[in-house]
There are 2 protein chains.
Amino acid sequence: MCQPWKVLTPACVLGLGLIGGSLLRAATAAGREVFGYNRSIDGVQAARFDGFDATADITEALERAAAESALIVLAVPMPALPTMLDHVRTTAPNCPLTDVTSVKVAVLQAVREHGLLDRFVGGHPMTGTAHSGWAAGDEKLFAGAPWVLSVDDHVDANVWAEVMHLALDCGSFVVPARSDEHDAAAAAISHLPHLFAETLASTAADVPLAWALAAGSFRDGTRVAATAPELVRAMCEANAGPLGSVLDRAIDLLTRARDGLAATGSVAELVGSGHAARTRYDDYDRPQIRDIVVGQNGWRQELAAAGRAGGVLRSALQGPDSQE
Amino acid sequence: MCQPWKVLTPACVLGLGLIGGSLLRAATAAGREVFGYNRSIDGVQAARFDGFDATADITEALERAAAESALIVLAVPMPALPTMLDHVRTTAPNCPLTDVTSVKVAVLQAVREHGLLDRFVGGHPMTGTAHSGWAAGDEKLFAGAPWVLSVDDHVDANVWAEVMHLALDCGSFVVPARSDEHDAAAAAISHLPHLFAETLASTAADVPLAWALAAGSFRDGTRVAATAPELVRAMCEANAGPLGSVLDRAIDLLTRARDGLAATGSVAELVGSGHAARTRYDDYDRPQIRDIVVGQNGWRQELAAAGRAGGVLRSALQGPDSQE
């Protein structure tokens, strides 16, 4: 049967913290119908006071989602995910489903265990601040930020397209990636930087003279150490395998630098490779993915390959003329 | 004999790169007489074109410094320091002397070897950008930044006061510290962050997907990896001992985090200590040093202790009524 490709599906956001609360705002600003659930009544009241559609009743939110075939967005921290998936399975098992959590394999596994895989496309907006809660939210939080969408083998083209439109409507560009490749990349560019910031702050602790001297490199290098520890732990610990691998690599680089400094007085190797890498990053201009048709034979593999090469979507890809 | 405490001594800046060039601009803007030397004629011509007093003739610059009893500021990279000190010893050995280099014990040793210790007070403005050369300079570069002045046992009160006034005139606040304590602190809050940035950039290199995903924590964590490699090497390699110690500490913290993650799935210890340290840093409000009289009995020890406790000077300390 024939369906219009872009349906402005209503969205139901579960969790109205920094990310979920910003999503409620951004999707509303984009003209979409969106409503939210939050466990704490304080967050719900704050959202309502700001003019948004929110409830503290999870069953009410999910019954409405089921009735409207809304896209459900899991925006709760990892530890709350199983409970939330229980609710979805009970009340709205046929709704399209996505998440905005920072690890993808662990979420995929939890979704699979709840029998909800068919309608699920994992997502991860690469944005945030050191603050949390409804009040910290911002409708511009996603503007210009990468938003990863998983292209694992099970992924449904219609659900993928719905989440793609939501991410683009919020001002993000979309990075297609397999969940395992996402997690390896996120370990290198998000989780390891967090642990480095914690390490820098810890190393300088208890030396007030060091603090008096602290300048840009220290402030920059420790900024994300201000993030709530439970959030940092949740994302690092849910990605223990890939994070362990990049920690091995980083410890090896630092150990070689230390040994080289002691033996020959030189840190040339590390400084040379780091500068070259940062220069390549500065010169890197995300190429745009244009010609892949979502749902066409091999589309998931093509998107994964394009994302692996550094490509991104800045506007919607075309879908097939008919979808079942 | 009696001298006015604040004499606006002329200043002679040797080296017109980012720091020296900014100093020439800032001191001029503060109404001081200041002139500069640069090895490359291009830098001299650019400075002259911008209306500043500069020469590529080191003997001319130092003969003028000697004639005017100018404060000589060594603003060349570490590798060029011995040559510059040869010139100073030959042409202007009795001028007050300071430097703006990022390590203090190594400079102190070089100055001692050239027999110039009596008139020397080491300095280190904790500021900079990833750019270099005359064109990168900015008269506001020092505004609000820490400027360390050494209070080693040999330091002369008059020279110390002259350098203090120069730093304050440029908009910095002054952090008094012994050279060895400066170097240990700088290893923790400047040199280690540089090596961490190089390590983060290197770890993420060759993974275009990681670059596509890179967000704030990666950009912040690798920003200083854009600094010219020879500058990073010069400061790290000249501070090998203290840097080796903080590298040991950092590698130990990261190794325990990796092992804990593998064994128990937790990074609670590192994340907890890092967050606590960053929070204390955010809450730290540099206390002001006011009541120490420069030149009075024990003044160097008092300033070192006040700096060790995190104190800074935001306005000039008083000197004794008479100085010899």
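Along each chain, numbering runs from 1 in the same order as the chain's sequence is written. Chains and ligands are labelled sequentially in the order written, the chains with letters from A and the ligands with numbers from 1. Given that this is a predicted model, residues contribute local features only at a pLDDT of at least 70 and side-chain atom pairs are listed and counted only at 80 or more, while totals for whole chains, interfaces and linings are drawn from all residues. The basis for every side-chain value is the complete set of heavy atoms in the structure, and neither hydrogens nor water enter the calculation.

Chain A is annotated in an unreviewed UniProt entry as Prephenate dehydrogenase from Mycolicibacterium hodleri. According to the UniProt record, the Sequence similarities (unreviewed entry) comment for chain A reads "Belongs to the prephenate/arogenate dehydrogenase family." UniProt positions are given in the numbering used here, feature names are shortened, and annotations may be inferred rather than shown by experiment.

When checking whether two residues touch, look at their non-hydrogen atoms; a contact exists if any pair is within 4.5 Å. Counting residues at the interface gives 88 residues for chain A, matched by 87 residues for chain B. A quick way to say it: buried area is the sum, across both parts, of accessible area lost when two parts are put together, with a 1.4 Å probe. For the pair chain A and chain B, the two sides together bury roughly 7600 Å², of which 72% comes from carbon and sulfur. Should a side-chain nitrogen of Lys or Arg be within 4 Å of a carboxyl oxygen of Asp or Glu, the pair is scored as a salt bridge. Summed over the shared surface of chain A and chain B, the number is four salt bridges. With a shortest N-O distance of 2.3 Å, Arg 223 of chain A and Asp 220 of chain B are connected by a salt bridge. Definition of a polar contact: a pair of N or O atoms within 3.5 Å, with one able to donate and the other able to accept a hydrogen when the atoms are protein atoms, and with sequence-neighbouring residues admitted only if both atoms are side-chain atoms. Connecting chain A to chain B are 25 residue pairs in polar contact (both at pLDDT 80 or more).

On to the packing of helix H7 (residues 179-204) of chain A against helix H12 (residues 268-283) of chain B, then. Orientation of H7 of chain A relative to H12 of chain B, taken along the N-to-C sense of each, is 60°, at an axis distance of 7 Å. Judged on the interaxial angle alone, H12 of chain B and H7 of chain A are oblique. As for how H7 of chain A packs across H12 of chain B, the hand of that crossing is left-handed. Taken together, the residues of H12 of chain B that come into contact with H7 of chain A (itself represented by Leu 195, Glu 198, Thr 199, Ala 201 and Ser 202 of chain A) are Leu 270, Val 271, Ser 273, Gly 274, His 275, Ala 277 and Arg 278 of chain B. Amino acids are sorted into nonpolar (Ala, Val, Leu, Ile, Met, Phe, Trp, Tyr, Cys and Pro), charged (Asp, Glu, Lys and Arg) and polar (every other residue, Gly among them). Within the contact of H7 of chain A with H12 of chain B, the residues separate by chemical class into five nonpolar, five polar and two charged. Lines fitted to C-alpha atoms define the axes, with helix axes restricted to the stretch in contact, and inter-axis angles between N-to-C directions lie between 0 and 180 degrees. Each helix is a run of DSSP H or I of at least 4 residues and each strand a run of E of at least 2, with the numbering of both proceeding from the N terminus. Throughout, the term roughly parallel applies to angles under 35 degrees, roughly antiparallel to angles over 145, roughly perpendicular to angles from 65 to 115, and oblique to all others. Left-handed describes a crossing whose near helix is turned anticlockwise from the far helix through less than a right angle; right-handed describes the clockwise counterpart.

H12 of chain B packs onto helix H10 (residues 229-237) of chain A with a crossing angle of 150° between their chain directions and a minimal axis gap of 10 Å. Between H10 of chain A and H12 of chain B, the crossing angle belongs to the class labelled roughly antiparallel. Between H10 of chain A and H12 of chain B lies a crossing of right-handed hand. For the pair H10 of chain A and H12 of chain B, contact is made by Pro 229, Val 232, Arg 233 and Glu 237 of chain A and by Ala 268, Val 271 and His 275 of chain B, respectively. For the contact of H10 of chain A with H12 of chain B, the per-class residue count stands at four nonpolar, one polar and two charged.

All right, on to the relation of the copies chain A and chain B then. Here chain A sits on chain B after a turn of 180° about the axis and a move of 0.0 Å along it, with an RMSD of 0.0 Å. Such values leave the two copies arranged in the relation of a two-fold axis. Overlaid copies result from least-squares superposition on C-alpha atoms, with residues included only where pLDDT is at least 70 in both.

With that settled, consider the nonpolar core. We define a nonpolar core as any set of buried Ala, Val, Leu, Ile, Met, Phe, Trp, Tyr and Cys residues linked to one another through side-chain atoms lying within 4.5 Å. The classification of residues rests on relative accessible area computed with a 1.4 Å probe and restricted to protein chains. Under 20% of the type maximum is buried, over 50% is exposed, and intermediate values are partly exposed. Residues Leu 213 of chain A together with Leu 213 of chain B are the most contacted members of the largest nonpolar core, which totals 78 residues. Once residues lying within four places of it in the same chain are set aside, the contact partners of Leu 213 of chain A are Met 126, Pro 146, Val 148, Val 175, His 182, Ala 185, Ala 186 and Ile 189 of chain B.

Note that side chains of opposite charge can pair when their charged atoms are close. All names here are of chain A. According to the stated counting rule, one finds 32 salt bridges over all chains in the structure shown. The closest approach of N and O atoms between Arg 178 and Asp 153, which form a salt bridge, is 3.3 Å. Remark: Asp 153 occurs in the loop between strand S8 (146-150) and helix H6 (157-169) and Arg 178 occurs in the loop between strand S9 (173-177) and H7; sequence separation between them is 25 residues. Judged by its relative accessible area of 51%, Asp 153 falls in the exposed class. Arg 256 is the partner of Glu 269 in a salt bridge, and the nearest nitrogen-oxygen pair spans 2.4 Å. Placement of the pair is Glu 269 in helix H12 (residues 268-283) and Arg 256 in helix H11 (residues 240-264), with a sequence separation of 13 residues. Overall, Glu 269 belongs to the exposed group, its relative accessible area being 53%. Judged by its relative accessible area of 42%, Arg 256 is partly exposed.

With that settled, consider helix H13 (residues 299-308) of chain A. Turning to H13 of chain A, its buried residues are Trp 299, Leu 303, Ala 304, Ala 306 and Gly 307 of chain A. Mapping the buried residues of H13 of chain A onto a view down its axis gives an arc of 165°, with all of them on the same face. Tucked into the core, H13 of chain A has its buried residues touching H6 and S9 of chain A together with helix H8 (208-213) of chain B. One or two residues past the end of H13 of chain A sits Gly 310 of chain A, with phi positive at roughly 100°. As used here, the arc is the angular range of directions from the helix axis to the C-beta atoms.

Turning our eyes to something else, we now look at the state of the cysteines. A covalent bond bridging the sulfur atoms of two cysteines is what the word disulfide describes. Residue and element names in this part refer to chain A. Disulfides are defined in this document as cysteine sulfur pairs within 2.5 Å. Inspection of every chain in the model, using the stated rule, returns zero disulfides over all chains. Cysteine Cys 95 is unpaired, with the sulfur of Cys 12 as its nearest cysteine sulfur at 7.8 Å. As a non-bridged cysteine, Cys 170 has Cys 12 as the owner of its nearest cysteine sulfur, 15 Å distant.

Looking now at the environment of Glu 302 of chain A. Residue and element names in this part refer to chain A. Along the polypeptide, Glu 302 turns up in helix H13. Distance in space between the C-alpha atoms of Glu 302 and Ile 292 is 7.2 Å, their sequence separation being ten residues. Excluding anything up to four places from it in sequence, Glu 302 contacts Ile 292 and Asn 297.

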